Amino acid sequence: MSGLLNPTLYMIKGIAILDNDGNRIFTKYYDPTIFTSVKEEKKFEKNLFQKTHRANAEVIMLDRLTCVYRSNVDLFFYVMGASEENELILVSVLSCLYDAVSAILRKNVEKRMLLDNLDIIMLAIDEICAGGIPLETDPQVVSQRVALRMEESPFNDQTVTQVLQSAREQLKWSLLK
Amino acid sequence: MMGSFKPAKKDEEDGGGNPYHNVDKTSVLQEARVFNDTPVNVKRCTHVLTKILYLLNQGEILSEKEATDVFFAMTKLFQSNDLVLRRLVYLGIKELCGVAKDTIIVTSSLTKDMTGREDQYRAPAIRALCRITDATMMLSIERYMKQAIVDRAPGVSSAALVSCRHIMKDSPEVVKRWVSEVQEALVSDGVMVQFHALGVLHQIRKSDKLAVTKMVSKLISSGLRSPYAICFLIRIVARLIEEDEAGTDSRLFDFLEAMLRHKAEMVIYEAANAIVTLKRSSARELAPAISVLQLFLSNPKPTLRFAAVRTLSKVAMTQPNAVAACNLDLENLIQDVNRSIATLAITTLLKTGSEGSVDRLMKSISSFLNDISDEFKIVVVEALRALALKYPRKQSVLMNQLADMLRGEGGLPYKEAIATTIITIIEDNPEAKEKGLDHLCEFIEDCEHTTLAVRILHLLGREGPRTRRPARYIRFVYNRVILENAAVRAAAVSVLAKFGAQCESLLSNILVLLQRCMMDTEDEVRDRATYYHAVLSTKDSALIHRYILNPPQYALASLERALVQYLRTDTTATFDTKTLPTAPPPQEEKKTPNIMETASRPEERVVPSHEKYAEQLAAIPRFARLGPLFKSSAPLELTEAETEYMVRCIKHTFLNYIVLQFDCTNTLNDQLLEGVNVVVEGDGWEVEASIPCPSLPYSQLGSCYSLLPIPEDIMSTTGTLSATLKFKVRDCDPATGEPDTDEGYEDDYTLEDVEISVADHVQRAARSNFAAGWDELGAANELEDTFALAAMNTLEEAVAQITQFLGMHPCDRSDRVPDGKSSHILYLAGTYRGGHEVLVRAKLALSDGVTMQLTVRSDDPEVSEIIASAVG
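The model shown is predicted, which means the values in this text are computed figures rather than measured ones. (Residues numbered from 1 in each chain as written. Chains lettered and ligands numbered in written order. Predicted model: local features only at pLDDT ≥ 70, side-chain atom pairs only at ≥ 80, totals over all residues. Heavy atoms only, no water.)

> Looking at this structure, how should I read the pairing of strand β15 (residues 823-832) of chain B?
Regular strands have side chains that alternate between both faces of the sheet. Residues and elements named next belong to chain B. Taken across its 10 residues, β15 has seven buried, putting it largely inside the fold. Looking at chain direction, strand β12 (residues 762-764) and β15 are connected through three bridges and run antiparallel. In the sheet register, V762 faces β15, and the bridge partner there is Y832. Taken together, the two bridges between strand β14 (residues 809-810) and β15 define a ladder with antiparallel strand orientation. Across the sheet, P810 pairs through a bridge with L828, a residue of β15. (Buried < 20%, exposed > 50% of the residue type's maximum accessible area, 1.4 Å probe, protein only. Helix = DSSP H or I, 4+ residues; strand = E, 2+ residues; numbered from the N terminus. Pairing = 2+ DSSP bridges.)

Below, the structure is given as structure tokens:
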């Protein structure tokens, strides 16, 4: 038909977190028709990483997918949608993913920390996107829903100033939204 | 310092940076035994479960047994009340439910969590539960689902709604019963809840247009809070506007326009994109959307710039003038750090730019090309091609640019795109030909891609001999014979022969060169050289024409079959090539989509090839002796779309017979049709045999056939046949498809007429050199007539109609009418049933309709006559 967008909740085709060699740390694809095998998925990820790791340019079109991305130290975060998808929706999902991860890792967004908290990260991704539908886009809500461990052992490593600092940061984020 | 931030650490392994580095399936599955310990060791189980999830995510496949074992072990973990562990179990359930067996065993545990007090459990438990329940089980949790949809916790409500949407893929009926709850959720305060509720509601009402319209107008007036929901609403509204060609509610469009002033960028963009994509938007309606996008072009956020330029480039394809206002902003984007944005900007500019700006653009392109990838370069090349066709006067500048690019670095697809573009320009503009050929010649002197070299050589063979100084190309071609690999050498030999065949002055030299090629190390090259040398040495123009310039093009599979057949029979008679079907020239191949192309193409129905039909028909004993299949028509619809029965007709032409194949579909699920047959009647046509389709269940395709001998008299081989579908109906149970009764009743259904036209007797044929073929055929059976085609308004239309009507193939690219010309000559080639060669020259002139002088040449006077009469 025409180029009009199809009204569907299934807006996200995939979410990926790669390390600084382009290896998969955690990825989810929500549309089984895009890649038919894990091999193809990984090939795509390598290619995606190749094209994005140097320039921090936020958005790229690859293999008929629009991929928005963000990186920090040794981690690369990607959110993918159909090539005609509203990029700004994808970016809002990406920011949610990144900010939630950042909150969970207490601003230490790097590979080692992420792997140490992989269980919580997996839960967070599950909260952000359910089978291709954006489920929650507010990073604070996401981190609250999954940041269960912190309640168990409240701030034993942090000083009072740090707690205040992070609270201030969180407030700032919520205002910036 | 980082150490102080680290939360409780898990067991560490020596994996350098990655604690999961050494994880392998067997050992992890061993470790999973720890799930069975009581009391549950939370820390250890969490770690092992994370490892399993990690492995699955890395693409490790568990067998059904392994998955089932892990799944059952995991259910033990419901004993622990640790929040993280419990939620990891939910994740595990979702990951494994596709592979493991008997997953419904966790239903009661999940139902308990879903109805419990802990919000942290409820939402994810609902989502996990809906993954393992089927439609029948759904009833038992229906009450809980309804409650969850309207739950005051947004997370729970969203989870329930999203699960509803997933369920609807398999069993939409269940969810339809919850429509009032979904409606209630639509007015929720939760940003995401509103979005999810709208998505589910739209899915429920999708097929009922009136209900959608109502829902939309209510939402427009009440207003939604969630930007996501508004984006969704914009998409629904845009669809509604597009579907109603006339008399659209202007409030719908007003809504889109109002959303251009929304505070969320996501909504503004969505609205702008919808407006510019709508086909009916006028220039005045486009303007505000374009200016919003123009503002985005200078936004600091790359994604916003990207979205805007992507949309503008789409508009530029159809309405370049509307985008021209943004040209200045677009030029600034050529320097953008994001190369995707820069490429889109450049290609958009190439579409919107005026003739005067071409030179300046070329300058910026050369500096820009160095640092982008091949995919983007291809996009630029394609834009250049469009530009060259649009401004023929700028072709020399563009050609130089392309030649520069051809010399530069790049892979095969990129080089191929450039070569294709140069070839297109050459074909479009005879004046550019020699220059273009020079560039290509220079390129093949140092070309590492065999396919591309062969393609360019082939082009040289076709175009070179017709230039003013063909001799200058010989050196380039012969260099290939000396320097290249076997495939290129063989192609070069063929090209040499073509020069020899057409340029008498060069013939003696070519013969010497061919003689040298006979020493080649490769069989194929030697064979070709010997063959061409022998043919050219005869100096017999008929022979040269038939075996070098327009060689016979048999369908190879048919040729093989016919030869096998021939060897089985009496081989004393000579093998008759006349009855062989010629291979129809390949349809223009589909362009591979480039990286920037966005709109997915509608899926085309695959039409089986000639070969496929021939095989299918040969498998039917009654048709096995009809000889080789000459031609199959495109499928012809004999019913309106979406009627009770759908019938398509395919006409298969043999030497003396026509087989009508009727593909029937029964769209009534309470009927089973038996003995389905199509009865055809027409003057001068007799049905010799018909093969009914014994049984036609709901929604399955069945075929029946009619065999008609073609009348002897060539002038009565066209006609109209009336068609009626006859069958016996047995009512049946829609659910099972089992017939209710043993008895049925006879019924019939009138179909549209089947037309047998001249085109059904003509196969398209390619002539690489029409003029040579025309002279060769001679004026012996020539017929000429003049027609006034009053119904046609343009030459393009006339060309398309005549081509289709005669079922022939346009040669020498004469199907393309140059812009602004008032006369045109169309050359067509085909083969008439029985192997008669037919060539047609149609001189067209535009004057109050189209006047056509049609000249037909063939090797049979009757064939000429019927072709000439076809147009009248």
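Text resumes after the structure shown.
> Would you mind going over the pattern of salt bridges with me for this structure?
Any two side chains of opposite charge can pair, on the condition that their charged atoms come close. Inspection of every chain in the model, using the stated rule, returns 44 salt bridges over all chains. When the shortest N-O distance is used, the salt bridge between B:R127 and A:D126 registers 3.1 Å. Of this pair, B:R127 sits in helix α6 (residues 119-132) while A:D126 sits in helix α4 (residues 118-128), placing the two residues on different chains. Accessibility assignment for this pair places B:R127 and A:D126 in one class, buried. Across the pair B:K433 and B:E463 runs a salt bridge, and its minimum N-O distance is 3.1 Å. (Salt bridge = Lys/Arg side-chain N within 4 Å of Asp/Glu carboxyl O.)

> Which parts of the structure should I look at to understand the environment of B:I620?
Residue and element names in this part refer to chain B. Looking at the element boundaries, I620 is found in the loop between α33 (610-618) and β1 (631-632). Once the C-alpha coordinates of I620 and I691 are considered, the two residues, 71 residues apart in sequence, prove to be 9.6 Å apart. Other than its neighbours up to four places away in sequence, I620 contacts I691 and Y705. (Contact = heavy atoms within 4.5 Å.)

> Could you clarify how one ought to interpret a nonpolar patch on the surface in this entry?
Taken together, B:Y531, B:L543 and B:Y547 make up a surface patch of nonpolar side chains, about 260 Å² in accessible area. Of note, B:Y547 is situated in helix α31 (residues 541-549). (Patch = residues over 30% accessible without salt bridge, like charges linked within 9 Å, V, L, I, M, F, W, Y side chains within 5 Å. Areas by Shrake-Rupley, 256 points an atom, 1.4 Å probe, with all protein chains shown as cover.)

> Whenever I open this one, the packing of helix α25 (residues 433-444) of chain B against helix α26 (residues 450-463) of chain B confuses me. Can you help?
Between two packed helices, both the angle of their axes relative to each other and the distance between the axes serve to describe the pair. Residues and elements named next belong to chain B. With their axes 10 Å apart at the nearest point, α25 and α26 run at an angle of 145° to one another. Between α25 and α26 lies a crossing whose hand is left-handed. Across the interface between the two elements, K433, L437, L440, C441, F443 and I444 from α25 touch L452, A453, I456, L457, L459, L460 and E463 from α26. Across the contact of α25 with α26, the residue classes tally to 11 nonpolar, no polar and two charged. (Axes fitted to C-alpha atoms, helices over the stretch in contact; angles between N-to-C directions. Left-handed = near helix turned anticlockwise from the far one by under 90°. Nonpolar A, V, L, I, M, F, W, Y, C, P; charged D, E, K, R; others polar.)

> What exactly am I supposed to notice about the packing of aromatic side chains here?
For any pair of aromatic rings, the description rests on two quantities: the centre-to-centre distance and the angle between the ring planes. Inspection of the entire model under this criterion finds 14 aromatic pairs over all chains. Ring geometry for B:F71 and B:F72: centres 6.3 Å apart, planes at 65°, overall edge-to-face. Pairing B:Y645 with B:Y749 gives two aromatic rings, centres 5.3 Å apart and planes at 85°, and the pair type is edge-to-face. Remark: B:Y749 occurs in strand β10 (residues 745-750) and B:Y645 occurs in strand β3 (residues 645-653); sequence separation between them is 104 residues. Across this residue pair, the class does not change: B:Y645 and B:Y749 are buried. A cation sits over an aromatic face here: A:R70 above A:Y98, 3.9 Å from the ring centre. (Phe/Tyr/Trp six-rings, centres within 6.5 Å; stacked < 30°, edge-to-face > 60°. Lys NZ or Arg CZ within 6 Å of the ring centre and 35° of its normal.)

> Got a minute to help me understand the sheet that holds strand β5 (residues 75-82) of chain A in this structure?
As a general point, the strands of a sheet are linked pairwise by backbone hydrogen bonds and lie either parallel or antiparallel. Residues and elements named next belong to chain A. Spatial ordering of the open sheet is given by β2-β1-β5-β4-β3, a layout of five strands whose pairing is antiparallel. At either end of the open sheet lies a strand with only one pairing partner, and these are β2 (24-29) and β3 (59-62). Sheet twist, expressed as the mean angle between neighbouring strand axes with direction ignored, is 20°. Both strand β4 (residues 65-72) and β5 contribute to a ladder of eight bridges, which runs antiparallel. Its bridge partner being in β5, L65 is matched across the sheet by A82.

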